[in-house]
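Given next are the chains, with one letter for each unit.
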Amino acid sequence: MARSGLAAAARVAHWADAALRPGRDGAGGDGKGTLSDATAERAAGELGLTVAQVRADWDTARLAGLVEVHGDTARPGWRLRAWDRDDSAVLRGWVALFDAWSLAHPEPDDLEHGAVADVVSALPQVLSFLQLSAGPVPVEQLLDLLEQRVTELRTERCEIAYGPQPEPVADAATAAEDTPLAPLLDWALHALASVGALTCGDGQATLTPLGSWAVWVKLEQICVAAQSPAGNIEQAAEDMLRGCAQLRPNAARDEYRAWLAARPVGSAVTELLGAARGDDALLRGLAFEALRVVGAPAEPDVRAVLDEPTLRPYALLWLAEHDGVDPEDAHEVLTREEATWLWVDTAAAVADHGEAPMLVRHLASALQPTVPALLDEVRAVGHPRTVQVLVALAAAHPDPALAKAVRRAAFQVHTGGS
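Peer 1: I'd like a description of the packing of helix 18 (residues 312-322) against helix 19 (residues 336-353), backed by residues and values.
Peer 2: Relative orientation of the contacting elements helix 18 and helix 19 amounts to 110 degrees, with a least axis distance of 9 Å. The angle between the axes of helix 18 and helix 19 places the two elements in the roughly perpendicular class. Across the interface between the two elements, Arg312, Pro313, Tyr314, Leu316 and Leu317 from helix 18 touch Glu338, Trp341, Leu342, Asp345 and Thr346 from helix 19. In the contact of helix 18 with helix 19, the residues fall into six nonpolar, one polar and three charged.

Have a look at this one:
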């Protein structure tokens with residue numbers, strides 16, 4: 001259902017990807033990725049659509065993440081790349097469109113903006129009621145619920161705090177409160193219908209199966225945020241990651257989801273990258289695992305750290321997987337030097353938090369075919385933890401001759417010799 005609902009948007013996005021290579025610069029100069037007149041007319045002619053249809057489908061593609069806008073340039077998003085092979089990417093695209101329902105079908109110009117904001121804030125409760133009803137609900141009943149929720153929101157805003165208060169600005173507040181909510185509910189229901197979340201007719205509204213699923217997912221996220229499995233939801237990123245260090249991968253991902261659900265995504269990503277910049281290599285790796293749970297919203301911030309040597313290998317792997325590269329093949333995006341730096345960083349995490357046998361096993365994961373070749377390249381990359389890693393490896397390895405060679409390499413790094 002999500003695939004069919006986004007099919008027209010995907011068609012225009014695929015057309016743009018093929019027809020506008022290599023620059024894909026058919027967007028207008030407004031910084032929003034709006035199609036230029038010439039591009040829209042060309043797409044309409046080649047796809048057999050009207051210009052209005054092309055523009056509407058393009059807008060849907062942007063909201064669903066099938067197209068990503070960077071300045072005045074549009075490019076295919078990872079969801080478009082994964083369209084034919086990954087149903088979850090399609091579902092994520094539709095959920096993004098569902099979340100942007102008020103942008104997909106903007107309110108009429110004659111509606112009061114403050115009242116519109118109140119209705120948008122109150123709609124989650126209306127949708128929850130529709131989901132729990134599991135069938136058609138009279139619009140009049142939804143209007144009563146909406147009016148109650150909007151009244152609650154306005155009452156909460158009017159609570160008087162202690163201390164001197166500024167003079168109230170009555171005009172805007174009065175205008176919003178005097179605006180009838182029935183036209184606003186009608187707009188909201190039709191906007192949600194336009195993205196496929198519900199159907200309207202005969203004075204009733206009904207969630208579609210896809211809309212019911214999306215609301216259920218949102219409710220589940222709220223429940224997860226209310227009680228994280230391991231109790232780290234209130235912790236700062238660094239402490240949360242330390243708390244997840246001993247968890248199995250699935251349990252750690254559950255904890256990441258709970259922690260993320262309780263925070264604005266932007267500040268959460270900033271906090272995770274801050275933890276990744278610290279001295280603890282284990283937290284660096286875990287931070288990027290948590291960023292994998294964030295997914296597409298983290299991409300601009302991850303891309304922005306590519307110039308930081310400490311984070312670059314992790315960011316390159318994250319971006320490769322984000323673009324659809326198989327995790328087992330993602331390491332191919334790293335240069336030999338970057339891969340060696342990452343090997344040392346991972347070894348530092350094992351040395352600090354793991355057991356000796358783990359460090360010995362880590363030796364087998366190096367790209368270099370021999371230990372002498374590995375030691376030569378490890379010395380060259382200049383990782384700040386190189387000496388500690390080599391000393392720990394020498395102490396852990398059962399082969400005396402190899403341990404001696406590793407100790408010698410550690411001494412050479414420490415003294416600056418060769």
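Resuming the write-up.
Peer 1: Requested: an account of the packing of aromatic side chains, with residues and values cited.
Peer 2: Each aromatic ring pair is summarised here by two numbers: the centre-to-centre distance and the angle between the ring planes. Under the defined criterion, the tally for this structure stands at three aromatic pairs. Summarising the aromatic geometry, the rings of Trp101 and Trp187 are spaced 5.3 Å apart at their centres and angled 45 degrees between planes, so their arrangement reads as tilted. Of this pair, Trp101 sits in helix 7 (residues 101-104) while Trp187 sits in helix 11 (residues 182-194), and the two are 86 residues apart along the sequence. Each member of the pair Trp101 and Trp187 is classed as buried. Between Phe288 and Tyr314, the aromatic rings sit 5.6 Å apart at their centres with planes inclined by 25 degrees, giving stacked as the arrangement. Taken together, the residues span a long stretch of sequence, with Phe288 in helix 16 (residues 281-294) and Tyr314 in helix 18 at a distance of 26 residues. An identical accessibility class is assigned to Phe288 and Tyr314; each is buried. Taking NZ or CZ as reference, Arg3 lies 5.2 Å from the ring centre of Trp83, over its face.

Peer 1: Provide a residue-level description of empty space enclosed by the protein, including the pertinent values.
Peer 2: In the structure shown here, the tally under the stated rule is one cavity of 30 Å³ or more. In this model, the largest cavity occupies a volume close to 50 Å³. Secondary-structure elements contributing two or more residues to the lining of the largest cavity are helix 2 (7-19) and strand 2 (73-76).

Peer 1: Any chance you could break down the sheet that holds strand 4 (residues 198-201) for me, citing the residues and the numbers?
Peer 2: Spatially, three strands are ordered 3-5-4 in an open sheet, and the strand pairing comes out antiparallel. The open sheet is flanked by strand 3 (137-138) and strand 4, the only strands paired with a single partner. Its contacts with the sheet put helix 8 (residues 113-133) on strand 3, strand 4 and strand 5 (204-207), and the angle it makes with strand 5 is roughly 80 degrees.

Peer 1: Any chance you could break down the nonpolar core for me, citing the residues and the numbers?
Peer 2: With 62 residues, the main nonpolar core has Leu66, Trp94, Leu123, Leu127 and Leu146 as its most contacted residues. Looking at this core, the element that brings in the most residues is helix 8, giving eight residues. Aside from chain neighbours lying at most four places away, what touches Leu66 is Leu6, Ala9, Ala10, Ala13, Ala61, Arg75, Pro76, Gly77, Arg79, Leu80 and Trp83. In terms of nonpolar packing, the next biggest core, distinct from the first, is built from 60 residues, Leu260, Leu286, Ala290 and Ala394 among them.

Peer 1: Tell me about the environment of Val387, and name the residues and values.
Peer 2: By the element assignment, Val387 lies in helix 22 (residues 386-396). Separated by 19 residues in sequence, Val387 and Val406 have C-alpha atoms that sit 9.8 Å apart. When near neighbours in sequence (up to four residues on either side) are disregarded, Val387 contacts Ala410, Val413 and His414.

Peer 1: Talk me through a negative patch on the surface; I want residue IDs and the actual numbers.
Peer 2: A cluster of acidic side chains, namely Asp326, Glu328, Asp329 and Glu332, defines a negative patch on the protein surface. Among the residues examined, Glu332 registers a relative accessible area of 58% and is labelled exposed.

Peer 1: Account for the pattern of salt bridges, with residues named and values stated.
Peer 2: One pass over the full model with this rule turns up 19 salt bridges. The partner of Arg303 in a salt bridge is Glu299, and the shortest N-O contact between them spans 2.5 Å. Highlighted residues: Arg303 and Glu299, both in helix 17 (residues 299-304), separated by four residues, approximately one helical turn. Classification of Glu299 by relative accessible area gives buried; the value is 4%. The partner of Arg312 in a salt bridge is Glu338, and the shortest N-O contact between them spans 2.6 Å.

What counts, and where the lines are drawn
Residues numbered from 1 in each chain as written. Predicted model: local features only at pLDDT ≥ 70, side-chain atom pairs only at ≥ 80, totals over all residues. Heavy atoms only, no water. Axes fitted to C-alpha atoms, helices over the stretch in contact; angles between N-to-C directions. Helix = DSSP H or I, 4+ residues; strand = E, 2+ residues; numbered from the N terminus. Parallel < 35°, antiparallel > 145°, perpendicular 65-115°, else oblique. Contact = heavy atoms within 4.5 Å. Nonpolar A, V, L, I, M, F, W, Y, C, P; charged D, E, K, R; others polar. Phe/Tyr/Trp six-rings, centres within 6.5 Å; stacked < 30°, edge-to-face > 60°. Buried < 20%, exposed > 50% of the residue type's maximum accessible area, 1.4 Å probe, protein only. Lys NZ or Arg CZ within 6 Å of the ring centre and 35° of its normal. 1 Å grid on protein atoms, 1.4 Å probe; cavity = no way out; pocket = protein on both sides within 12 Å on 5 of 7 lines; lining within 4 Å. Points joined across faces, edges and corners; volume = space filled by probe spheres on them. Pairing = 2+ DSSP bridges. Core = buried A, V, L, I, M, F, W, Y, C linked by side-chain atoms within 4.5 Å. Patch = residues over 30% accessible without salt bridge, like charges linked within 9 Å, V, L, I, M, F, W, Y side chains within 5 Å. Areas by Shrake-Rupley, 256 points an atom, 1.4 Å probe, with all protein chains shown as cover. Salt bridge = Lys/Arg side-chain N within 4 Å of Asp/Glu carboxyl O. Lys, Arg positive; Asp, Glu negative; His and termini not counted. Charge placed at Lys NZ, Arg CZ, Asp CG, Glu CD.

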